Amino acid sequence: EETQTGRLMIGAGVNSNAGLVGNIVVDEQNFDITRLPTSWDDIRNGTAFRGAGQRFRLEAAPGTELQRYTATFQEPYLFDTRVGLSTSASYFTRYFYDWAEGRVGGRVGLGYQFVFAPDFSVNTGFRGESVDIFNPRVQGIPDIQGNLNTGGTNPGMVGTNSVYGFSGGLIHDTRDSPFLPTEGHLATVEFEQVIGTFIYPRGVFEARQY
């Protein structure tokens, strides 16, 4: 039976660490990127961009010290297979006490859900970001502003930095809903190798019980 698959959420809050922040979210769990509207009626009755089981989320969080804008698209069964595709683009600005940071970039990932163990899945992904660090509170610190102009090898973090990450991970998910879970658990293990202005590995383990 047809049911409500989309949500529009609007909110605002005051955070002691991030100031005044607004939040506007458009979330559709039965999206269809190919179902373009052919008339105004398609938009009014909700048939445009719906029906393929894809997921689309648009979030805007303007604020006084923090701004975040993201768009996410997911195809859980790419070409009717057990391979899932996820893509996202984001813009982020944050004014910290010691510096200000801006990020713009995108991500693309592929996941596979095992037939013999539907709760288990593996994923691989790539992210690319341009990170701009500006307005340092304290001037003249080599680790912050670098020393390349004096013959050193430290590029520092002030200015524009490139970040390219290649990742792979394993997920065990027994939640009853990926969006508003009420029971089950989510456990993830991920390893990422980052290259660009700085080169470093990154490992993450996360577990949540609902």
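Structure: see above.
Anyway, here's the lowdown on the structure attached to this text. (Residues numbered from 1 in each chain as written. Predicted model: local features only at pLDDT ≥ 70, side-chain atom pairs only at ≥ 80, totals over all residues. Heavy atoms only, no water.)

**Topic: the pattern of salt bridges**
Thought 1: Going through the model one piece at a time under the given rule, you end up with 14 salt bridges.
Thought 2: One salt bridge in this structure joins E28 and R50, with 2.8 Å as the shortest N-O distance. One end of the pair, E28, is in strand β2 (residues 19–31); the other, R50, is in the loop between α1 (40–44) and β3 (54–61), and 22 residues separate them in sequence.
Thought 3: What makes E28 buried here is its relative accessible area of 6%.
Thought 4: E129 is the partner of R127 in a salt bridge, and the nearest nitrogen-oxygen pair spans 3.0 Å. Residue R127 shares its accessibility class with E129, and that shared class is buried.
Thought 5: Among the ionic contacts, a cluster of salt bridges with common partners joins E101, R103, R127, E129, E190, E192 and R202. (Salt bridge = Lys/Arg side-chain N within 4 Å of Asp/Glu carboxyl O. Helix = DSSP H or I, 4+ residues; strand = E, 2+ residues; numbered from the N terminus. Buried < 20%, exposed > 50% of the residue type's maximum accessible area, 1.4 Å probe, protein only.)

**Focus on the packing of aromatic side chains**
Thought 1: Enumeration over the complete set of coordinates arrives at 10 aromatic pairs.
Thought 2: Between F31 and F49 the ring centres are 5.9 Å apart and the planes differ by 5°, which places this aromatic pair in the stacked class. Residue F31 is found in strand β2, and its partner F49 is found in the loop between α1 and β3; the two are separated by 18 residues along the sequence.
Thought 3: Relative to F166, the ring of F126 has its centre 5.1 Å away and its plane inclined at 50°; by these criteria the two rings are tilted. Taken as a pair, F126 in strand β7 (residues 120–134) and F166 in strand β8 (residues 159–173) lie far apart in primary sequence, 40 residues in all. (Phe/Tyr/Trp six-rings, centres within 6.5 Å; stacked < 30°, edge-to-face > 60°.)

**Here we look at the sheet that holds β3**
Thought 1: Read from one edge to the other, the open sheet built from 10 strands follows the order β1-β2-β3-β4-β5-β6-β7-β8-β9-β10, with strand pairing classed as antiparallel. Where the open sheet ends on each side, the last strands, each with one partner, are β1 (6–15) and β10 (200–209). If you compare each strand with its neighbour and ignore which way they point, the axes differ by 15° on average. (Pairing = 2+ DSSP bridges. Axes fitted to C-alpha atoms, helices over the stretch in contact; angles between N-to-C directions.)

**Some words on the side chain of E101**
Thought 1: With respect to the helices and strands, the residue E101 is situated in strand β6 (residues 100–113).
Thought 2: A polar contact is formed between the side chain of E101 and the side chain of R103, at a distance of 2.5 Å. (Polar contact = N/O pair within 3.5 Å; in protein donor to acceptor, adjacent residues only side chain to side chain.)

**A closer look at the environment of D173**
Thought 1: Take D173: it is sitting in strand β8.
Thought 2: D173 gets classed as partly exposed once you look at its relative accessible area, which sits at 24%.
Thought 3: When the C-alpha atoms of D173 and R208 are compared, they prove to be 9.6 Å apart, with 35 residues separating the residues in sequence.
Thought 4: Sequence-distant contacts of D173, that is, excluding residues within four places in its chain, are made with D119, H185 and L186.
Thought 5: A polar contact of 2.9 Å, which involves the side chain of D173, links it to the side chain of R175. (Contact = heavy atoms within 4.5 Å.)

**Observations regarding the pairing of β1**
Thought 1: In this structure, β1 lies alongside β2, joined through 10 bridges in antiparallel fashion. Its bridge partner being in β2, R7 is matched across the sheet by D27.
Thought 2: Between β1 and the antiparallel strand that follows it, β2, lie three residues.

**Overview of the pairing of strand β5 (residues 83–95)**
Thought 1: Strand direction decides the pairing type here: strand β4 (residues 66–75) and β5, joined by 10 bridges, are antiparallel. Bridge assignment links Y69 to a residue of β5, and that residue is Y91.
Thought 2: In this structure, β5 lies alongside β6, joined through 13 bridges in antiparallel fashion. When the bridges of β6 are listed, L85 appears paired with L110.
Thought 3: Hairpin connection between β5 and β6: a loop of four residues separates the two successive antiparallel strands.

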